[in-house]
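Spelled out from the first residue to the last, the chains are:
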Amino acid sequence: MSVDSALIVRKDALPTVAQLAADIAETGVSVDFPAGFALDQDVGGWVPVVVDGEPSGFNYAVQPLSGMDPADLPEGATEAGDTLLSFGGQGSLSAETVLLVQLVMGRRYRASLLIEDELLPPEDGWGPGAPLDDLHVGQRGSPAKLAGEVEARVARHYPPLPTARQTMVKDLLKQLVVFAIVFGALGGFYLWSQLR
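Residues numbered from 1 in each chain as written. Predicted model: local features only at pLDDT ≥ 70, side-chain atom pairs only at ≥ 80, totals over all residues. Heavy atoms only, no water.

S.K.: What should I look at first to understand helix 4 (residues 143-157) in this one?
M.R.: Across its 15 residues, helix 4 extends 21 Å between first and last C-alpha, which sits within 8% of the 21 Å expected from 1.5 Å per residue. Looking at helix 4, one finds that the buried residues are Pro143, Leu146 and Ala147. What you see down the axis of helix 4 is that its buried residues fit within an arc of 100°, all on one side. Opposite the buried face of helix 4, at more than 90 degrees from it, the exposed residues are Ala155 and Arg156. Residues of helix 4 that are buried make contact with strand 3 (45-51) and helix 3 (92-109). (Helix = DSSP H or I, 4+ residues; strand = E, 2+ residues; numbered from the N terminus. Expected span 1.5 Å × (residues − 1). Buried < 20%, exposed > 50% of the residue type's maximum accessible area, 1.4 Å probe, protein only. Arc of directions from axis to C-beta. Contact = heavy atoms within 4.5 Å.)

In structure tokens, the structure reads:
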């Protein structure tokens, strides 16, 4: 599973990574960011994080809106902020981690969510000190639990894709069956002709 989304923020309002981790901890989830990582740093790649003791991470990039073509931005983007934070989740735990980070950023730092060219501004009353109660793992579930639920649902409703080895064995068995049918038919004709 791969999920891409972004936040539009004011660069001068970005929290430190330590503050963001403390905000996330209020939801009952611990997220450990790598040393030296900062939210205004353009990584342009994978950021490894540890979520409740499990390795995870996400793709991350930072881009100033001033460097983007206004035609590529939805209406109201420049009023929402001056910086685009792009996130890319890879796998269920990564996607749930990205979702939690974005929800906390939206509530505490008035970040606007940009997903599939639609801008979702923060709700009234969100900002410094906004409550994170309804994000708490008691109501929502930890990222690992939510990721497990997503994976279980996918496994129930969608059969797993065969591996390359399984596909190769299946193709080989088809060829053997065709060979056995042709050989059996030729052998049968030969025996029939000998018995006449």
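S.K.: Can you help me understand the nonpolar core in this one?
M.R.: Nonpolar side chains in soluble globular proteins tend to be buried together. If you look at the biggest cluster of nonpolar residues, it comprises 28 residues, and the most contacted ones within it are Ile24, Phe33, Tyr60, Leu85 and Met105. Residue assignment for this core shows that the elements contributing at least two residues are strand 1 (2-9), helix 1 (17-25), strand 3, strand 4 (54-64), strand 5 (83-90) and helix 3. When residues in this core are grouped by element, the largest group, six residues, is from helix 3. The contact partners of Ile24, leaving out residues within four places of it in the chain, are Val29, Val31, Phe33, Leu100, Val101 and Val104. Grouped together as the second largest cluster of nonpolar side chains are 10 residues, Leu65, Met68, Ala77 and Ala80 included. (Core = buried A, V, L, I, M, F, W, Y, C linked by side-chain atoms within 4.5 Å.)

S.K.: Quick question: what am I supposed to make of the packing of helix 3 against helix 4 here?
M.R.: Two packed helices can be described by the angle between their axes and the distance between those axes. Where helix 3 contacts helix 4, the two axes come as close as 8 Å, and the packing angle between them is 130°. In terms of orientation, helix 3 lies oblique with respect to helix 4. Viewed along their axes, helix 3 and helix 4 form a crossing whose handedness is right-handed. Contacts between helix 3 and helix 4 involve Ser92, Leu93, Glu96, Thr97 and Leu100 from the former and Pro143, Ala144, Leu146, Ala147, Val150 and Glu151 from the latter. (Axes fitted to C-alpha atoms, helices over the stretch in contact; angles between N-to-C directions. Parallel < 35°, antiparallel > 145°, perpendicular 65-115°, else oblique. Left-handed = near helix turned anticlockwise from the far one by under 90°.)

S.K.: Help me out: how do you make sense of the environment of Thr83 in this one?
M.R.: On the secondary structure map, Thr83 appears in strand 5. A sequence separation of 108 residues divides Thr83 from Leu191, and the C-alpha atoms of the two residues are 81 Å apart.

S.K.: I'm lost on the layout of surface pockets in this one. Help?
M.R.: The method is simple in principle: a probe with the dimensions of a water molecule rolls over the atoms, and the space it marks as empty is what remains. Reported here for the largest pocket is a volume of approximately 280 Å³. Lining the largest pocket are 17 residues, and of these Leu7, Leu99, Gln102, Leu103 and Leu113 sit closest to its centre. Only strand 1, helix 3 and strand 6 (112-115) provide two or more residues apiece to the lining of the largest pocket. Looking at the lining of the largest pocket, the element that brings in the most residues is helix 3, giving six residues. (1 Å grid on protein atoms, 1.4 Å probe; cavity = no way out; pocket = protein on both sides within 12 Å on 5 of 7 lines; lining within 4 Å. Points joined across faces, edges and corners; volume = space filled by probe spheres on them.)

S.K.: Is there a simple way to think about the packing of helix 1 against helix 3 in this case?
M.R.: Interaxial distance between helix 1 and helix 3 falls to 10 Å at its minimum, and their mutual angle equals 100°. The angle between the axes of helix 1 and helix 3 places the two elements in the roughly perpendicular class. Between helix 1, through Gln19, Leu20, Asp23 and Ile24, and helix 3, the contact on the second element is made entirely by Leu100, Val101, Val104, Met105, Arg108 and Tyr109.

S.K.: What exactly am I supposed to notice about unusual backbone geometry here?
M.R.: Glycine aside, residues mostly have negative phi angles, and peptide bonds mostly take the trans form. Although it is not a glycine, Asp52 sits at a positive phi angle of roughly 50°. Within the element layout of this structure, Asp52 appears in the loop between strand 3 and strand 4. On the basis of relative accessible area, Asp52 is assigned to the partly exposed category, the value being 33%. Positive phi outside glycine occurs at Arg110, with the angle close to 50°. Looking at where Arg110 falls in the secondary structure, it is placed in the loop between helix 3 and strand 6. Classification of Arg110 by relative accessible area gives partly exposed; the value is 37%.

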